[in-house]
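Coordinate analysis (summary)
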Amino acid sequence: MVTTADPIIVYAFWLGAAVAVLAILMLLIVLVLRQVVARRERIHAAAVIYWGAFLVPEPSPPPEIPPLPARDLSGFLQVWNEVHESLRGRTTPFLARVASAVNLEARLARRLKRGGFHARLVAMIGLGNVHSATSYTRIERHIDDRNPIVSLCAARALMQIDPNRAVTQFVPHIVQRGDWAQGSVAAILSEAGAGAVSDTLVEATLQANVEIAPRLVRFLAGVSPEAAAPIIRRMLESSQDERLISTCLQVMARQDDLDRVRALLSHQRWHVRMQAAVTLGRLGLPGDEQRLIPILTDSQWWVRYRAAQALHGMSFVGTEGLRRIQAEQKDKYARDIIQQVLAEHSLGIVTKAAA
């Protein structure tokens, strides 16, 4: 009998029994949790299908809007945000009517306040897509969040709700937040449009130091080449910073400033000479090939290589013109670099310009 056995054996017996019971309980909990998760996924998937069929093909005439049960909210939000992504953040009268009918703004405000990390992000994106001015103050404080994903989501939502107001907060944060993904920042600025952001970006670019200015110049040129052109011209004329000059050359879009580019072909820094060659190949006019030919003998391989590529890319030079230039060269390095570019072209190899 267990009751008359050694106390150590009794202890081991009951410990084993307790462990077995706990193991069974853990197994049951895992099974229950799996069922709960599976059920939530089924509900979510069903809501995505239902609301996708309702929201995506905007019906005409608009039908009666059905109620949105709490359990369908996550599926609805997935469709809601995806539809607006396809509209590049814009909305339509039908979608605005749906948001009003299902009391979406208030529901998202509660989720933003009490939800977990993912729920708050989805709610913030959804509120931006609602475009309601009353949500601006709810989202505003999140632009200072230390998490770059949260702060970028907040910035985009603010820019969707009121770009003219939000840009005065967004642009200073671009300067301060080195952890923001540049692609995301560029997408937000592009979505807002040149009319909303150009003036503030121009002002910030002119005031920025040489560490920040290249980033702002790139953003400005992406949003509005017209607004960027005088800034680029001014910086090429006055700046001595190699990185800023190279960035300006990369984003230049007007031929009016080619005189400054031509002068930079003899810059003391090889990286600037290389970018000047690339820019001249992209924007150059007939006669500019004569300015590129001398730097086929540059001491730096990358300068020679980009010059040969630039010549080949000029519509008035091309493959045959480059072959003629090669035949005229007495310098071995010039002939070799042209041969490499011609060989790469024949093989379909494309090398991107260095940043």
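Small disclaimer: the values here were computed from a predicted structure and weren't measured. (Residues numbered from 1 in each chain as written. Predicted model: local features only at pLDDT ≥ 70, side-chain atom pairs only at ≥ 80, totals over all residues. Heavy atoms only, no water.)

**Some details on the overall build of the protein chain**
The helix and strand inventory of the protein chain stands at 19 helices and 0 strands. Reported as C-alpha extents along the three principal axes, the dimensions of the protein chain are approximately 105 × 65 × 40 Å. For the protein chain, the residues scored as buried account for 44% of the 355 residues in total. Intrachain contacts of the protein chain at a sequence separation of at least 6 include 64% that bridge at least 24 residues. Carbon and sulfur atoms make up 57% of the accessible area of the protein chain, which totals about 19300 Å². (Helix = DSSP H or I, 4+ residues; strand = E, 2+ residues; numbered from the N terminus. Buried < 20%, exposed > 50% of the residue type's maximum accessible area, 1.4 Å probe, protein only. Contact = heavy atoms within 4.5 Å. Areas by Shrake-Rupley, 256 points an atom, 1.4 Å probe, with all protein chains shown as cover.)

**Brief notes about a nonpolar patch on the surface**
Taken together, the side chains of Val21, Leu22, Ile24, Leu25, Leu27, Leu28 and Leu31 present a nonpolar region at the surface, about 660 Å² in accessible area. Mapped onto the elements, leucine 28 comes out in helix H1 (residues 7-55). (Patch = residues over 30% accessible without salt bridge, like charges linked within 9 Å, V, L, I, M, F, W, Y side chains within 5 Å. Salt bridge = Lys/Arg side-chain N within 4 Å of Asp/Glu carboxyl O.)

**Things to note about unusual backbone geometry**
Even without glycine at this site, asparagine 103 takes up a positive phi of about 55°. Residue classification places asparagine 103 among the partly exposed positions, given a relative accessible area of 43%. At histidine 131, a residue that is not glycine, the phi angle is positive and equals roughly 65°. Tracing the chain through its elements places histidine 131 in the loop between helix H5 (117-130) and helix H6 (136-140). Residue classification places histidine 131 among the partly exposed positions, given a relative accessible area of 26%.

**Concerning the side chain of glutamate 105**
Among the structural elements, glutamate 105 can be located in helix H4 (residues 104-114). Here glutamate 105 falls in the buried class, since its relative accessible area comes to 19%. At 2.3 Å, the side chain of glutamate 105 and the side chain of threonine 134 are in polar contact. At 3.3 Å, the side chain of glutamate 105 forms a polar contact with the side chain of arginine 138. When neighbours within four sequence positions are excluded, glutamate 105 is seen to be in contact with Leu127, Ser132, Thr134, Ser135 and Arg138. (Polar contact = N/O pair within 3.5 Å; in protein donor to acceptor, adjacent residues only side chain to side chain.)

**Overview of the environment of phenylalanine 76**
As for its placement among the helices and strands, phenylalanine 76 is situated in helix H2 (residues 73-86). Here phenylalanine 76 falls in the buried class, since its relative accessible area comes to 0%. Separated by 32 residues in the primary sequence, phenylalanine 76 and histidine 44 have C-alpha atoms spaced 8.3 Å apart.

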